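Per-entry structural report
Below are the chains, spelled out letter by letter.
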Amino acid sequence: MEQEEQRTEGLPEETARAGEERLQAKAETAEETPAEGRRRRRGKKKKKELPFFVWLALLVVFVLVLRNFVLGTVYVKGSSMEPNFYHGDLVFMEKLSVRLSTPHRGDVVICRLDNQDGPEENIIKRVIGLPGDEIDIVWNGDSEDVEYALYRNGELVEEPFLGEPMMTAGDQDYPYTVEEGTFFVMGDNRNASSDSRRTSIGAIEKEDLVGRVIFRLYPFDSFGPVQRP
């Protein structure tokens, strides 16, 4: 240290003063104990940390955005989707695909339905027809054993996932062309489902598609992803 002080002699006053300040800083650092060093570093870290209530507010905002715009859960009500979904099933849906793109035929979706007799409600249905599709429901001609077959764009649609034959066509006029921006939906339990076959409901507008069902959470023996047929 004495040698460094000697080297500062004869230099301009400002240079000498800078050298003395460096020597003093080195001396202070050398005199700092390990405990003091840890406290100093913790103090610097604390200055950078956000307060707890800010983190809590950010978490609440994140959950709300996730819940309202990305993901959600819905309890199935009624029997319109049997035998694939039952009353009380808890399903998980994602909301982005129905907003950013077009659902696929066979997707199970949650639809927002305006109820003339009360508040709007969410219903679970399967997408049958996309915009531009021609839907036709054809009677088999047997008045005793009535059955209807589903045709889409002139081709018979095989639906092995149904529990029983379709015995009602609703009051729509067929063939029915799905308008742009709408989707023809039906329940898997065709004989106990109010869906697009009824003129009071009709095809569902895209803005009324809430989400696409991708997973069943309950009951646990049916826990797992929902596959498109």
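Not measured: the values here are computed from a predicted model.

What follows concerns the confidence of the model for the protein chain. When pLDDT is averaged along the protein chain, the result is 83; 74% of the residues meet or exceed 70. Across residues 1-11 the pLDDT falls below 50, and counting only partners more than four positions away or on other chains, this stretch makes three contacts in the model.

Taken as a whole and judged by the stated rule, the model has nine salt bridges. Between R112 and E120 there is a salt bridge, and its shortest N-O distance comes to 3.7 Å.

All right, on to the sheet that holds strand β8 (residues 176-177) then. Here we have four strands laid out as an open sheet, ordered β7-β6-β5-β8, and antiparallel in their pairing. Pairing within the sheet leaves two strands with one partner each, and these edge strands are β7 (155-156) and β8. Bridge count between strand β5 (residues 134-139) and β8: two bridges; the pairing is antiparallel. Among the inter-strand pairings, E134 is bridged to a residue of β8, identified as T177.

Turning next to the layout of surface pockets. As a volume, the largest pocket reaches approximately 500 Å³. Together, 22 residues line the largest pocket, and L113, N115, E121, I123 and I201 are the ones closest to its centre. Mapped by element, the contributors of at least two residues to the lining of the largest pocket are β1 (71-75), β3 (108-113) and β4 (121-129). Here the lining of the largest pocket gets five residues from one element, more than from any other, and that element is β4.

Criteria and thresholds
- Residues numbered from 1 in each chain as written.
- Predicted model: local features only at pLDDT ≥ 70, side-chain atom pairs only at ≥ 80, totals over all residues.
- Heavy atoms only, no water.
- pLDDT = per-residue confidence, 0-100.
- Contact = heavy atoms within 4.5 Å.
- Salt bridge = Lys/Arg side-chain N within 4 Å of Asp/Glu carboxyl O.
- Pairing = 2+ DSSP bridges.
- Helix = DSSP H or I, 4+ residues; strand = E, 2+ residues; numbered from the N terminus.
- 1 Å grid on protein atoms, 1.4 Å probe; cavity = no way out; pocket = protein on both sides within 12 Å on 5 of 7 lines; lining within 4 Å.
- Points joined across faces, edges and corners; volume = space filled by probe spheres on them.

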